[in-house]
Amino acid sequence: MENETVSLESIINNNLNGRDLEEFNRIYYGRTDNHEVKLKESSIAAAKEADFEIAAYAFPAKKEQTRTPRIVKVGVIQHSIAAPTDRPVNEQKKAIFDKVKKIIDVAGQEGVNIICFQELWNMPFAFCTREKQPWCEFAESAEEGPTTRFLSELAAKYAMVFVSSILERDENHSDILWNTAVIISDTGSVIGKHRKNHIPRVGDFNESNYYMEGNTGHPVFATRYGKIAVNICFGRHHVLNWMMFGQNGAEIVFNPSATIAAEAGSEYMWNIEARNAAITNCYYTAAINRVGYEEFPNEFTSADGKPAHKDLGLFYGSSYFTGPDGVRCPGLSRTKDGLLIAVMDLNKNRQIKDRRCYYMTQRLDMYVSSLSKVLELDYKPQVVHENEK
Ligand SMILES: NC(=O)NCCC(=O)O
């Protein structure tokens, strides 16, 4: 990955300085203060040793008279796969566990309360291939599979909540597969799960060959540290998906993703969508993407007349957080594993709701009535032409 651009931030910081840099941060990111949080020397050393990036930023709120601050440390982990995709399934999984455990341990040292990984973090994103073997063998039980067991131990050790996106095998329903986020509580038990609502049918994202649209609605999980929800990858293009988590009271919505620079993944949209969702829904968002190239043993085509290939292209990382006011922190790199920490005051959500009144002004009644008409078979779009009276 030598010739890849390291990050959006590196472009900005290498080319802007002084007042121009300040103005860029103010106008584009909404940042008038750096709010960088100091990390422990031991964490910085461990990150160097294990070759991952680490950074932390604060999202403070105003002091209130009647509520104490609700400070939560939230971490997101982005990483590349750790063994070639032609190695045995369990070897590939273990290699990822070994690598990611080092990052979790550092998060534990830093007192991180909640961690979310990228989409299907424990396996290569093999759905481009359309092959069923061996990729379906990565599927596991959400409640008691090896990935949940691995994280449950660490959850109890560090009193940490995990949001773990996996390929789920539902043995109680005829062995079918789902793209599922498992929520593991700070005691190590499974609080619940959410299944991906919107399945892509674009470019090399052939996920619909493997699993169907989720059947779990828009659950919000009341954890010890706050109310959290998961909008899995492609759901970030669907504003109503984001909206429903807000209606159910989510304070932080995670967007574990597997997305690439090409049009099918749309890197130029990455920095907008989760940020916009934070603004319109007055909650925190965290967008997390995979890193690196994943080469598969057999070639596949994109059904576009172009040559067959063995990888999807670069998963460009760039994970980032946004606060309910729309202010975001710098993102992680496009090319490297990383741990990004946000020290959030959850009081900020209500403060922004009170200030901006987006929930009071949202006119749900009007949209419910209009959308129910849209769903009628004889619906005619409301278009007014010049000569109509
Ligand atoms: N994993 C996934 O849903 N990717 C689809 C491409 C995108 O829109 O990011």
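The name recorded for the protein in an unreviewed UniProt entry is Beta-ureidopropionase, from Spodoptera exigua. Among the UniProt annotations of the protein, the heading Pathway (unreviewed entry) holds the following wording: "Amino-acid biosynthesis; beta-alanine biosynthesis." Under the UniProt heading Sequence similarities (unreviewed entry), the note attached to the protein is "Belongs to the carbon-nitrogen hydrolase superfamily. BUP family."

Novice: Quick question: what am I supposed to make of empty space enclosed by the protein here?
Specialist: The probe, sized like a water molecule, is rolled over the atoms to show the empty space still left. In total, this model carries two cavities of 30 Å³ or more according to the counting rule given. Within this model, the largest cavity holds a volume of roughly 60 Å³. In terms of lining residues, the largest cavity is bounded by 13 residues, among which Phe205, Cys233, Phe234, Ala258 and Ala264 are the most central. Roughly 30 Å³ of internal volume is contained in the second largest cavity. As for the second largest cavity, its lining consists of Val37, Lys38, Leu39, Ala56, Lys73, Glu110, Ile341 and Val343. When the residues that make up the lining of the second largest cavity are grouped by side-chain class, the tally is five nonpolar, no polar and three charged.

Novice: What should I look at first to understand the state of the cysteines in this one?
Specialist: One covalent bond between the sulfur atoms of two cysteine residues makes up a disulfide. A complete count under the given rule lists zero disulfides for this structure. The closest cysteine sulfur to the non-disulfide-bonded Cys128 is located on Cys136, 13 Å from its own sulfur. In this structure Cys329 is a free cysteine whose sulfur lies 14 Å from that of Cys116, the closest cysteine sulfur available.

Novice: Can you walk me through the side chain of Ser141 in this structure?
Specialist: Counting through the fold element by element, Ser141 comes out in the loop between β3 (114-117) and α5 (146-158). A polar contact of 2.9 Å, which involves the side chain of Ser141, links it to the backbone nitrogen of Glu144. With near-sequence residues (within four places) excluded, Ser141 lies in contact with Thr148, Ile166 and Arg169.

Novice: When you look at unusual backbone geometry in this model, what are you seeing that I'm missing?
Specialist: Excluding glycine, most residues fall at negative phi; most peptide bonds, likewise, are trans. The omega torsion across Gln133 and Pro134 is 0°, close enough to zero to call that bond cis. Note on placement: Pro134 falls in the loop between β3 and α5. One non-glycine residue, Arg363, lies in positive phi territory at about 55°. The topology assignment puts Arg363 in the loop between α8 (347-356) and α9 (364-374). Here Arg363 falls in the partly exposed class, since its relative accessible area comes to 44%.

Each value, and the rule that gives it
Residues numbered from 1 in each chain as written. Predicted model: local features only at pLDDT ≥ 70, side-chain atom pairs only at ≥ 80, totals over all residues. Heavy atoms only, no water. UniProt positions renumbered as here; feature names shortened; annotations may be inferred. 1 Å grid on protein atoms, 1.4 Å probe; cavity = no way out; pocket = protein on both sides within 12 Å on 5 of 7 lines; lining within 4 Å. Points joined across faces, edges and corners; volume = space filled by probe spheres on them. Nonpolar A, V, L, I, M, F, W, Y, C, P; charged D, E, K, R; others polar. Disulfide = S-S within 2.5 Å. Helix = DSSP H or I, 4+ residues; strand = E, 2+ residues; numbered from the N terminus. Polar contact = N/O pair within 3.5 Å; in protein donor to acceptor, adjacent residues only side chain to side chain. Contact = heavy atoms within 4.5 Å. Buried < 20%, exposed > 50% of the residue type's maximum accessible area, 1.4 Å probe, protein only.

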